[in-house]
Amino acid sequence: MSSQTNAPSAVLVEDLSVDLGAGPILSGINLRVSDGETLALLGANGSGKTTLVKTMVGLVPPASGRVALYGADISDRSKVPWARIGYVPQRVNTVPSMSATAEEVVMSGLLSGRCLRPPRGSRALVRDALGEVGLAERAGESVHLFSGGQQQRVLIARALIRKPRLLIIDEPLSGIDRTSKIALAASLQQLHTAGATILVVLHELGELSSMIQRAVVLDQGKVVQDGLPPGSTGNDPGHHHPDALQTGRHPVPELRMGWRK
Ligand SMILES: Nc1ncnc2c1ncn2[C@@H]1O[C@H](COP(=O)(O)OP(=O)(O)OP(=O)(O)O)[C@@H](O)[C@H]1O
């Protein structure tokens, strides 16, 4: 999808600050993600990546500034097209007593506020989605018995089955094996080819490096780099993006991230 149209940005963050009580976690964040773009949010531990994506989907309140998804300010939740927005958190907290199977969790992605009956043919869709994350064989098992990485893959399948126009996904590569990483990269690439916008929190581009068009780096709650992903030459027209404002179209350098408390 072209960023040349007058369509609203998939994500618009304006002068956003977040403070959860112990001082600012994010300050003065400005970010525009165009429809169809693939963007990696990078930064050291504690730099604010998860807080930023949580704020984007309304899980963390801004202290000031605003977030809009497809032109709808998230402070007015009823206007946001949530049905086409997928969010996969970094860590999954399952309730041990909740014995939902992987199939049931993924199926719930097909339910809407209006219709609580899965649509016809949904079982096959669920199996396909679980197959995409390498868990088709475990569809009938209870998710609380899964490892953290497997639980996140179930949530990724739940997000993919909705065919999201915007997918926000927090550290999908951590805690999963290499085969699953490659399979996940292929699924995300397919989603992107179909026109979806993908915003992914990462520590390193890894298996997703070929599909990431833009990298934004946070440090201590501020955007410190915004440009082409590390390793990009900038010669590929597919990697140029008009929203890479702050550093022009220069590649973001390889990150040297130290430990932070
Ligand atoms: N609910 C909260 N209350 C207070 N402080 C918080 C809360 N959530 C996060 N923080 C703090 O905000 C800062 C940013 O955390 P965040 O999880 O957003 O960083 P991150 O870049 O995603 O880190 P990581 O790469 O380790 O996942 C950290 O110092 C963290 O301790």
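Since we're looking at a predicted model, the values are computed, not measured. (Residues numbered from 1 in each chain as written. Predicted model: local features only at pLDDT ≥ 70, side-chain atom pairs only at ≥ 80, totals over all residues. Heavy atoms only, no water.)

Chemist: A description of unusual backbone geometry should follow, citing residues and the corresponding values.
Modeler: Positive phi is not limited to glycine here, since Asp15 has a value of about 45°. Along the chain, Asp15 falls in strand β1 (residues 11-19). Residue class for Asp15 comes out partly exposed when judged on its relative accessible area of 49%. Even without a glycine there, the phi angle at Tyr70 is positive, about 50°. By the secondary structure assignment, Tyr70 is in the loop between β4 (64-69) and β5 (72-73). (Helix = DSSP H or I, 4+ residues; strand = E, 2+ residues; numbered from the N terminus. Buried < 20%, exposed > 50% of the residue type's maximum accessible area, 1.4 Å probe, protein only.)

Chemist: Quick rundown of the pattern of salt bridges? Include the residues and the values.
Modeler: For the structure on display, the rule yields 10 salt bridges. Linking Asp35 and Arg165 is a salt bridge whose minimum nitrogen-to-oxygen distance equals 2.8 Å. Of this pair, Asp35 sits in the loop between β2 (24-33) and β3 (38-43) while Arg165 sits in the loop between α4 (148-160) and β7 (166-170), placing them 130 residues apart in sequence. Here Lys79 ties to Asp76 by a salt bridge, and the two come within 3.1 Å at their closest N and O atoms. The network of salt bridges with shared partners includes Glu14, Arg66 and Asp73. (Salt bridge = Lys/Arg side-chain N within 4 Å of Asp/Glu carboxyl O.)

Chemist: Break down the confidence of the model for the chain for me, citing the residues and quoting the values.
Modeler: Averaged over all residues, the pLDDT of the chain equals 83, while 80% of them reach at least 70. Contacts from residues 256-261, a stretch scored under 50 in pLDDT, to residues over four places away or in other chains number 10 contacts. (pLDDT = per-residue confidence, 0-100. Contact = heavy atoms within 4.5 Å.)

Chemist: Break down the side chain of Arg153 for me, citing the residues and quoting the values.
Modeler: Mapped onto the secondary structure, Arg153 falls in helix α4. Buried charge without a partner: Arg153 forms no salt bridge, and the closest opposite charge is Asp177, 4.1 Å away. In contact with Arg153, not counting residues within four places along its chain, are Val133, Gly134, Leu135, Ile176, Asp177 and Ser180. (Lys, Arg positive; Asp, Glu negative; His and termini not counted.)

Chemist: Hey, could you go over the site of the ligand for me, with residue numbers and the actual values?
Modeler: Neighbouring the ligand are 13 residues, the closest being Asn45, Gly46, Lys49, Thr50 and Thr51. One nitrogen or oxygen atom from the main chain of Gly48 is found 3.0 Å from an oxygen atom belonging to the ligand. Sorting elements by how many residues they give to the shell around the ligand places helix α1 (residues 49-56) first, with 3 residues. Residue classes in the shell around the ligand are distributed as 3 nonpolar, 8 polar and 2 charged. (Near = heavy atom within 4 Å. Polar contact = N/O pair within 3.5 Å; in protein donor to acceptor, adjacent residues only side chain to side chain. Nonpolar A, V, L, I, M, F, W, Y, C, P; charged D, E, K, R; others polar.)

Chemist: Can you lay out α4 for me, pointing to particular residues and giving the numbers?
Modeler: For α4, built from 13 residues, the straight-helix expectation of 18 Å at 1.5 Å per residue is met to within 8% by its first-to-last C-alpha distance of 18 Å. Counting buried residues along α4, 10 of its 13 residues qualify, which places the element largely inside the surrounding structure. Those residues of α4 that fall on the buried side of the exposure criterion are Gly149, Gln150, Gln151, Gln152, Arg153, Val154, Ile156, Ala157, Ala159 and Leu160. Contacts made by the buried residues of α4 are with β6 (85-88), α2 (102-108), α3 (122-132), β7 and α5 (178-193). (Expected span 1.5 Å × (residues − 1).)

Chemist: Would you mind going over the sheet that holds strand β9 (residues 214-219) in detail, with residue names and values included?
Modeler: The pairing of strands in a sheet comes from backbone hydrogen bonds and takes either a parallel or an antiparallel form. Taken in spatial order, the 6 strands of this open sheet run β6-β7-β8-β3-β9-β10, and their pairing is mixed. The sheet is open, and its two edges are formed by β6 and β10 (222-227), each paired on a single side. Pairs of neighbouring strands in the sheet enclose a mean axial angle of 15°, with direction left out of account. Across 5 bridges, β3 lies against β9 in parallel orientation. Residue pairing in the sheet places Leu42 in a bridge with Val217 of β9. Packed onto the sheet, α1 meets β3, β6, β7, β8 (197-201) and β9 and runs at close to 140° relative to β3. (Pairing = 2+ DSSP bridges. Axes fitted to C-alpha atoms, helices over the stretch in contact; angles between N-to-C directions.)

Chemist: Break down the nonpolar core for me, citing the residues and quoting the values.
Modeler: By size, the foremost hydrophobic cluster in this structure holds 41 residues, and its most contacted members are Leu130 and Leu208. For this core, the secondary structure elements donating two or more residues are β3, α2, α3, α4, β7, α5, β8 and β9. Listed in part, the 30 residues of the second largest apolar core include Ile74, Ile85, Val201 and Leu218. (Core = buried A, V, L, I, M, F, W, Y, C linked by side-chain atoms within 4.5 Å.)

Chemist: Residues and numbers for α5, please.
Modeler: For an α-helix, 3.6 residues make a turn, and residues three or four places apart therefore share a direction. Look at α5: 22 Å from first C-alpha to last across 16 residues, which is about the 22 Å you get at 1.5 Å a residue. Restricting attention to buried positions, one finds in α5 the residues Ser180, Leu184, Ala185, Ser187, Leu188, Leu191 and His192. Projection of α5 onto a plane perpendicular to its axis shows the buried side chains occupying an angular sector of 165°, all on one side. Facing away from the buried side of α5 by more than 90 degrees, the exposed set consists of Arg178, Thr179, Gln190 and Thr193. Where α5 is buried, its residues meet β3, α3, α4, β7 and β8. (Arc of directions from axis to C-beta.)

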